[in-house]
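A closer look at the structure
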Amino acid sequence: MRTRSTGDRGLPKAAARIALGLALVAVPATAVATTAAQGEDRAPARTSPHTPHAPRAATGLDDPAKKEIAMQLVSSAENSSLDWKAQYQYIEDIDDGRGYTGGIIGFCSGTHDMLELVELYTKRKPGNVLAKYLPALREVDGSDSHEGLDPDYPKDWKKAARDPEFQKAQNDERDRVYFNPAVKQGKADGLGVLGQFTYYDAIVMHGDGDDRTSFSGIRKRALAKAKPPAQGGDEKAYLDAFLDARVWAMKQEEAHSDTSRVDTAQRVFLKNGNLDLHTPLDWKVYGESFHIG
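Note that the coordinates shown come from a computational prediction; the quantities given were computed from them, not determined experimentally.

Calculation notes
Residues numbered from 1 in each chain as written. Predicted model: local features only at pLDDT ≥ 70, side-chain atom pairs only at ≥ 80, totals over all residues. Heavy atoms only, no water. Helix = DSSP H or I, 4+ residues; strand = E, 2+ residues; numbered from the N terminus. Core = buried A, V, L, I, M, F, W, Y, C linked by side-chain atoms within 4.5 Å. Buried < 20%, exposed > 50% of the residue type's maximum accessible area, 1.4 Å probe, protein only. Contact = heavy atoms within 4.5 Å. Pairing = 2+ DSSP bridges. Phe/Tyr/Trp six-rings, centres within 6.5 Å; stacked < 30°, edge-to-face > 60°. Lys NZ or Arg CZ within 6 Å of the ring centre and 35° of its normal. Expected span 1.5 Å × (residues − 1). Axes fitted to C-alpha atoms, helices over the stretch in contact; angles between N-to-C directions. Parallel < 35°, antiparallel > 145°, perpendicular 65-115°, else oblique. Left-handed = near helix turned anticlockwise from the far one by under 90°. Nonpolar A, V, L, I, M, F, W, Y, C, P; charged D, E, K, R; others polar. Salt bridge = Lys/Arg side-chain N within 4 Å of Asp/Glu carboxyl O.

**Some words on unusual backbone geometry**
Residue Pro151 is reached from Asp150 by a cis peptide bond, and omega for that bond is 5 degrees. By secondary structure assignment, the location of Pro151 is in the loop between α4 (134-140) and α5 (153-160). The peptide bond linking Thr279 to Pro280 adopts the cis configuration, its omega dihedral lying at 5 degrees. Relative to the assigned elements, Pro280 resides in the loop between α10 (260-271) and β4 (281-285).

What follows is the structure in structure tokens.
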């Protein structure tokens, strides 16, 4: 099962990275998001704080501007930065029992998705700097072991992260495994952009599967309390139930016990009735303030 962690002390991952001296590019917490430099997604146009929200439109989280917002929101929680593209090179063991965590979405050597990422990269670019680690990645899959990876795997990961082909592989695996399934299910449930994002953030942290704390388990718990719009229910009431179920799931694991990414971010947008994540957006994660204008 794919899960994310903020470390044993409940701190944002960025704090652990600083302690390890990783040279990541940071964006100030109050920085206004700008158009992504590599052009994968387009950032939303600047909006006056006094501009009323536009009527609901037939747009989804897969709209390029909304997708950029989603990437920044997740990065604020995972990396304490809006600059999600600075995370291609990120890799460390955060002592959560899942081996190495790396890249823009936290691919893990112990949870199969990192193996699939390196397999895709190698299929597209045989002989790349990470290809030699495939036997070891297959051996450690499902464990927290570094056997066959140390000492040079982190160094080679960072080297690979400078390759546009590896960056594209990370983007594609993020979309295939996490983003696209979340958006598809959100649309099937009749949810707007915020609802689709709550699904995406949940599947990023908890992965999917049959257990109660997976994305499907969280959704099942929510459905027992409220109906989504596709079943004739009220969207806000259903999202409240989903976020309640998400908080319950997070509290089942000590590393996820800080629920601020729900309480002072997603719940704030919902309370404001911002079901389509119209900008400007202001939120907090782990007490740190963020803004997208």
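Back to the text.
**Regarding the nonpolar core**
Formed by 73 residues in total, the largest nonpolar core has its most connected members in Leu61, Leu130, Tyr153, Tyr200, Phe242, Leu277 and Trp283. When residues no more than four places from it in sequence are discounted, the contact partners of Leu61 are Lys66, Lys67, Ala70, Phe179, Val183, Val193, Gln196, Phe197, Tyr200 and Leu277.

**A look at the pairing of β4**
Along β4, the buried face is formed by Leu281, Trp283 and Val285; none of Asp282 and Lys284, which line the opposite face, is buried. Here β4 folds back onto strand β5 (residues 288-292) in antiparallel fashion, the turn holding two residues, of which Tyr286 has a positive phi close to 55 degrees.

**Comments concerning the packing of aromatic side chains**
Using the criterion set out here, one finds twelve aromatic pairs in the structure. Where Tyr100 meets Tyr153, the ring centres are 5.8 Å apart and the plane angle is 50 degrees; that geometry is what we call tilted. Separated by 53 residues along the polypeptide, Tyr100 in strand β2 (residues 100-102) and Tyr153 in helix α5 bring together distant segments of the chain. Take Tyr100 and Tyr153: they sit in the same class, and that class is buried. The structure contains a cluster of three or more aromatic residues connected by ring pairs, namely Tyr100, Tyr121, Tyr133, Tyr153, Trp157 and Phe166. Taking NZ or CZ as reference, Lys67 lies 4.8 Å from the ring centre of Phe179, over its face.

**Re helix α3 (residues 113-124)**
End to end, α3 covers 17 Å across twelve residues, agreeing with the expected 16 Å (1.5 Å per residue, within 8%). Of all the positions in α3, only Asp113, Met114, Leu115, Leu117, Val118, Leu120, Tyr121 and Thr122 are classed as buried. In this structure, the buried side of α3 is in contact with β2, β3 (107-108), α4, α5 and α6 (164-188).

**Details of the pairing of β5**
Where β4 meets β5, five bridges bridge the pair, whose relative direction is antiparallel. Paired with Lys284 across the bridge in β5 is Ser289.

**Here we look at the packing of helix α8 (residues 215-223) against helix α9 (residues 235-250)**
Packing of α8 against α9 brings their axes to within 8 Å, and their N-to-C directions diverge by 130 degrees. Here α8 lies oblique to α9, going by the angle between them. With respect to the hand of their crossing, α8 and α9 are arranged in right-handed fashion. Residues Phe215, Ile218, Arg219, Arg221, Ala222 and Leu223 of α8 lie in contact with α9, whose contacting residues are Tyr238, Ala241, Phe242, Ala245, Arg246, Trp248 and Ala249.

**Here's the deal with the packing of α3 against α6**
Look at α3 against α6: their axes get within 9 Å of each other, and the N-to-C directions meet at 130 degrees. Compared by their axis directions, α3 and α6 come out oblique. Regarding α3 and α6, the two cross each other, and that crossing is right-handed. Of α6, the residues touching α3 (which contributes Asp113, Glu116, Leu117, Leu120, Tyr121 and Arg124) are Glu165, Phe166, Lys168, Ala169, Gln170, Asp172, Glu173, Arg176 and Tyr178. A per-class count over the contact of α3 with α6 returns six nonpolar, one polar and eight charged.

**Digging into the environment of Thr259**
Inspection of the secondary structure puts Thr259 in the loop between α9 and α10. Separated by ten residues in sequence, Thr259 and Ala249 have C-alpha atoms that sit 10.0 Å apart.

**Focus: the pattern of salt bridges**
Tallied over the full model, the rule gives 19 salt bridges. A salt bridge links Lys132 to Asp156; the nearest nitrogen and oxygen atoms lie 3.3 Å apart. With Lys132 in the loop between α3 and α4 and Asp156 in helix α5, this residue pair connects regions lying 24 residues apart in the sequence. Several salt bridges converge on common partners, so that one network encompasses Glu78, Asp201, Arg246 and Arg261.

**Section: the sheet that holds strand β1 (residues 91-93)**
Here we have three strands laid out as an open sheet, ordered β1-β2-β3, and antiparallel in their pairing. Each edge of the open sheet is held by one strand with a lone partner, namely β1 and β3. In this sheet, β2 lies alongside β1 in antiparallel orientation, the contact comprising three bridges. Each residue of the ladder has a partner; that of Ile91, found in β2, is Gly102. Sheet strands in contact with α5 are β1 and β2, and its direction is about 155 degrees off that of β1.

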